[in-house]
Amino acid sequence: MAAVSCLLSEDQFLCSICLNLFTDPVSTPCGHNFCKNCITDRWDVNYRCQCPLCKEAFTTRPDLRVNTLFSEMVAQFRQSAQQKASSSSEQQRSKPGEVPCDVCTGTKLKALKSCLVCLASYCETHLEAHLTASRLKRHQLIDPVKNLEGRMCTKHDKPLELFCKTDQTCVCTHCPALDHKTHEFVPLKVEYEEKKADLGKTDAEIQQMIQKRRLKVQEIKLSVKRSKVKTHMEVAEGVRVFSSLKQTVERGLKEVIKTIEEKHKRTQKQADAFIKELEQEISELMKRSTEVEQVSRSEDHVHLLQRFPSLKDAPPTKDWTYVNVRPPSFEGIVRIAVNQLEETLSEEMKKLLVESKLRKVQQYAVDVALDPDTAHPELFLSHDGKQVNHVDIEKNLPDNPERFSHYNFVLGKQSFSSGRFYFEVQVKGKPKWNLGVARESINRKGLITMTPEDGYWTIWLRNGNEYKALAAPSVRLSLKSPPQKVGVFVDYEEGLVSFYDVDAAALIYSFTGCSFTEKLFPFFSPCRNDGGENSAPLIISRVNKTA
């Protein structure tokens, strides 16, 4: 019998009324099997006794008999199914929050699917009939859900199969004729596909929003990383500046202490000299006292009378009545030292602040090379485009619109229309030069006025010691020492052009409040060589960036 039951499929052990495994199966006279309660309840409701499968009608209610062989087969199949379910129960047992199987008795297994026709959820074992039985394959299966009763119309107790677009709600097939007259209806699947497409668009928008926020997270993280780097740089710069100021204060303190101690040493030296002289006189007096005492004790009358003339007077000594050693006066020493230190610190702070600023702007160093297409014909450019000087021979070059035709000027190849940039130029050994930046639309032919209004932001040197900023009007510059290397810094958005003495870490001059609307180019002029007196080249130097 076990072999026979193994050849039968599960749908052959399902009651056609309840669609579950037979419970107390009985046979009708026509030979069909049903659960005893299922067929009894069916005949109790209907006045006609009819087979639910073949529709054979019986004039009198048949006497239902138990099919012993079939009952044993069902029992064996049930036992086999339970053993199969038991072997996987640990893996398939329903957990809190999961949908349990509605058919399982005892331990509820996890449901794999819910049937919208049966309004029940099934585990793997009890779902098999819906996957194999032809009459059950037509049922609509979905992922397991709770509250399947919510998928039935509460008014008509029918499945929700339509969607009322007017009321935006799910309805059964009876609702249009009764409660939703004149409303627009579509099958659930049609509305499902439409809403699914809308959700797809929503999801795409959400994914785009997520991506934007992820990019913003990366942007913020990058900003924090840059902030951390800048923080370390600023801390290092602060330590450097304050350490330098601390050293200046310590030097001032040492000088004050040295001054005070030197005054004390002079007093000590004077006192030591007086004490030495006094001790010498004391020694002489003690020697005379000893001689006087010895002669006084003598019984030799002649000896005393002979020595008396030389002993009757004290030996010659210095009058110490008005000799004093006064403590040195320290009044005003600390105050004068503090005033001097204040001036020194003020100068040192100015120098350190400029040096700190220079270190920062050097971080914006760019690689600049000279543009031969703009160079005056009497200028000689090195092959690498880093040096320029004036020669007396004018080369035969095409007079293109970019070339300067009247003055010994040349521009850099690189242009800048935003941000910040910095470059350095060696001017060592030159009694004349021009440096700065110029806008793209400057006049390059004939006479040129070099002012910001005309597109030039430059400084120059003439006669070896006359420095000017070519503003309007020009500004004479007073420099402590002639710069050997000049740094040029531009902040396009800020409207700032600054010039630095690189070696002295000093600010030479700044053009402020500039309004830049065009491309800016580095500007150079070595001026004429003046018979060799100004033959040294202008050299674009490699910037030594200081961390």
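Please refer to the structure higher up on the page.
Parameters at a glance
- Residues numbered from 1 in each chain as written.
- Predicted model: local features only at pLDDT ≥ 70, side-chain atom pairs only at ≥ 80, totals over all residues.
- Heavy atoms only, no water.
- Buried < 20%, exposed > 50% of the residue type's maximum accessible area, 1.4 Å probe, protein only.
- Helix = DSSP H or I, 4+ residues; strand = E, 2+ residues; numbered from the N terminus.
- Pairing = 2+ DSSP bridges.
- Contact = heavy atoms within 4.5 Å.
- Axes fitted to C-alpha atoms, helices over the stretch in contact; angles between N-to-C directions.
- Core = buried A, V, L, I, M, F, W, Y, C linked by side-chain atoms within 4.5 Å.

A. Structural view of the pairing of strand β18 (residues 466-469). Because side chains alternate across β18, one face comprises the buried residues Y467 and A469, and the other comprises E466 and K468, none of which is buried. Across four bridges, strand β17 (residues 456-462) lies against β18 in antiparallel orientation. Pairing of L461 across the sheet is with Y467, part of β18. Connecting β17 to the next strand, β18, in antiparallel fashion are three residues, including N463 with a positive phi near 60°. The pairing of β18 with strand β19 (residues 475-477) spans three bridges and is antiparallel. Looking at the pairing, A469 lines up with V475 of β19. Between the antiparallel neighbours β18 and β19 lie five residues.

B. Structural detail: the sheet that holds strand β8 (residues 141-142). Spatial strand order, β7-β6-β8: three strands in an open sheet with antiparallel pairing. Each edge of the open sheet is held by one strand with a lone partner, namely β7 (120-122) and β8. With two bridges connecting them, strand β6 (residues 113-115) and β8 associate as antiparallel partners. Within β8, the position partnered with S114 by the bridge is I142. Against the sheet, helix α5 (residues 124-132) makes contact with β6, β7 and β8, and its axis sits at roughly 110° relative to β7, the strand it touches most.

C. Structural view of the pairing of strand β24 (residues 538-541). Here strand β13 (residues 387-390) pairs with β24 via two bridges, running antiparallel. Residue pairing for β24: V388 is matched across the bridge by L538. For strand β15 (residues 420-426) and β24, the ladder comprises three bridges, and the chain directions are antiparallel. In the strand pairing of β24, E424 is matched with S541.

D. Region of interest: the sheet that holds β19. Taken together, the six strands give an open sheet; going across it, the order is β14-β23-β16-β17-β18-β19, and neighbouring strands pair in antiparallel fashion. The outermost strands of the open sheet, each flanked by one partner alone, are β14 (410-411) and β19.

E. Here's a closer look at the nonpolar core. Within the largest apolar cluster, 37 residues are counted, with the highest numbers of intra-cluster contacts made by W433, F511 and F524. What W433 contacts, discounting residues up to four positions off in sequence, is V427, I459, W460, L461, R462, Y467, V486, S525, C527 and L538. Counting 21 residues, the second-largest nonpolar core is a separate cluster that includes L21, V26, F34 and F70.

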